[in-house]
Amino acid sequence: MIRLIQNELYKTFRLKKMYIFIAILIIHACMTVYFYQSGGEWKSVIVTPNGQSLPLALINSLAQFMTIFIPVYVADLITGDIKAGTFKLTLLRPVGRIEWLNAKIASLFVFILVLVVLSLAAEYAIGTLAFGWGEYTFYAGEEYTGEEGVWLTIRLTFSMLLPYMACGMIVVLLAVMATNISTTIGLSIGILTAAQSLNAFEMIKPYSVVNHMYYFHEIVHKATWEAVLQNTAIIAAYIVLFYAASALIIKKKDLIQ
């Protein structure tokens, strides 16, 4: 199992897609800073121009990219593997289908983690180069000292790993069901976009994984422990249920052709 995960991680870091995605995130941060400095009527998400505050100013925007990056990555990771026959070759070794699935999910988690970490580091660097480090971190109408601000930024940024993984598990299910990469990407982006539209309904919004991808960090920031645990349970339910469904399909469906 460990060697299988290592192999998946090796393939992940060799993918050009990952570095393209990282470049897109860096360009987005640079453009946000550029438009802010240009002034004019363009409305910027930047409220306090300093290196400390930029990552939190851009924390919502990462979800927009993840709804595209995750489907593209998972489609290649799983559907592409099955279609290319790599899945069949893997099962010729002493490797179970669930072990194969678990290795793919571990690779997905590392992929999301790398994007989150590198985007955070890039935003700190870009903000500091453009505006200087600054005297405080500004977020949600409050000021935090340097150390408090860095800890707040790390805590809120890494809290988003949970909803991103929930999104990933939805795409994993679609990937093991689909017959080609285009179908996986198209269905995934379509479903996630439709789910985002459903956020307009207040009864559905608290249970929407897409809503949590955008706003879970706000719950972590201000809500009570009861609210945090309740929303965490909702996200965890997505992960467990979609993992179980994916595992069932992998075990029962004839994927070797």
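Here's what I pulled together on the structure shown here. Every value quoted in this text rests on a predicted model; they were computed, and no experiment measured them.

Conventions used here
Residues numbered from 1 in each chain as written. Predicted model: local features only at pLDDT ≥ 70, side-chain atom pairs only at ≥ 80, totals over all residues. Heavy atoms only, no water. Salt bridge = Lys/Arg side-chain N within 4 Å of Asp/Glu carboxyl O. Helix = DSSP H or I, 4+ residues; strand = E, 2+ residues; numbered from the N terminus. Buried < 20%, exposed > 50% of the residue type's maximum accessible area, 1.4 Å probe, protein only. Polar contact = N/O pair within 3.5 Å; in protein donor to acceptor, adjacent residues only side chain to side chain.

## Brief notes about the pattern of salt bridges
One side chain can pair with another of opposite charge once the charged atoms of both are near each other.
Phase 1 of the analysis: Across all of its chains, the model carries two salt bridges by this definition.
Phase 2 of the analysis: With its nearest N and O atoms 3.9 Å apart, the salt bridge here joins Asp76 to Lys17. Of this pair, Asp76 sits in helix α4 (residues 61-84) while Lys17 sits in helix α2 (residues 16-38), and the two are 59 residues apart along the sequence.
Phase 3 of the analysis: Residue Asp76 is classed as partly exposed on the basis of its relative accessible area, which comes to 27%.
Phase 4 of the analysis: Its relative accessible area of 29% is what places Lys17 among the partly exposed residues.
Phase 5 of the analysis: The partner of Lys222 in a salt bridge is Glu142, and the shortest N-O contact between them spans 2.5 Å. Taken together, the residues Lys222 in helix α10 (residues 209-222) and Glu142 in strand β2 (residues 142-144) connect sequence positions 80 residues apart.

## Brief notes about the side chain of Thr184
Phase 1 of the analysis: Summarising the element assignment, Thr184 is placed in helix α9 (residues 181-197).
Phase 2 of the analysis: Using a relative accessible area of 0% as the deciding quantity, one classes Thr184 as buried.
Phase 3 of the analysis: A distance of 2.8 Å separates polar atoms of two side chains, one belonging to Thr184 and the other to Thr79.

## Quick word on unusual backbone geometry
Phase 1 of the analysis: Here the phi dihedral of Ala140 falls at roughly 55°; this positive angle occurs in a residue that is not glycine.
Phase 2 of the analysis: Tracing the sequence through the fold places Ala140 in the loop between β1 (137-139) and β2.
Phase 3 of the analysis: Since its relative accessible area comes to 51%, Ala140 is described here as exposed.

## Focus: the environment of Lys11
Phase 1 of the analysis: Mapped onto the secondary structure, Lys11 falls in helix α1 (residues 2-14).
Phase 2 of the analysis: Along the sequence, Lys11 and Leu77 sit 66 residues apart, while their C-alpha atoms lie 9.1 Å from each other.

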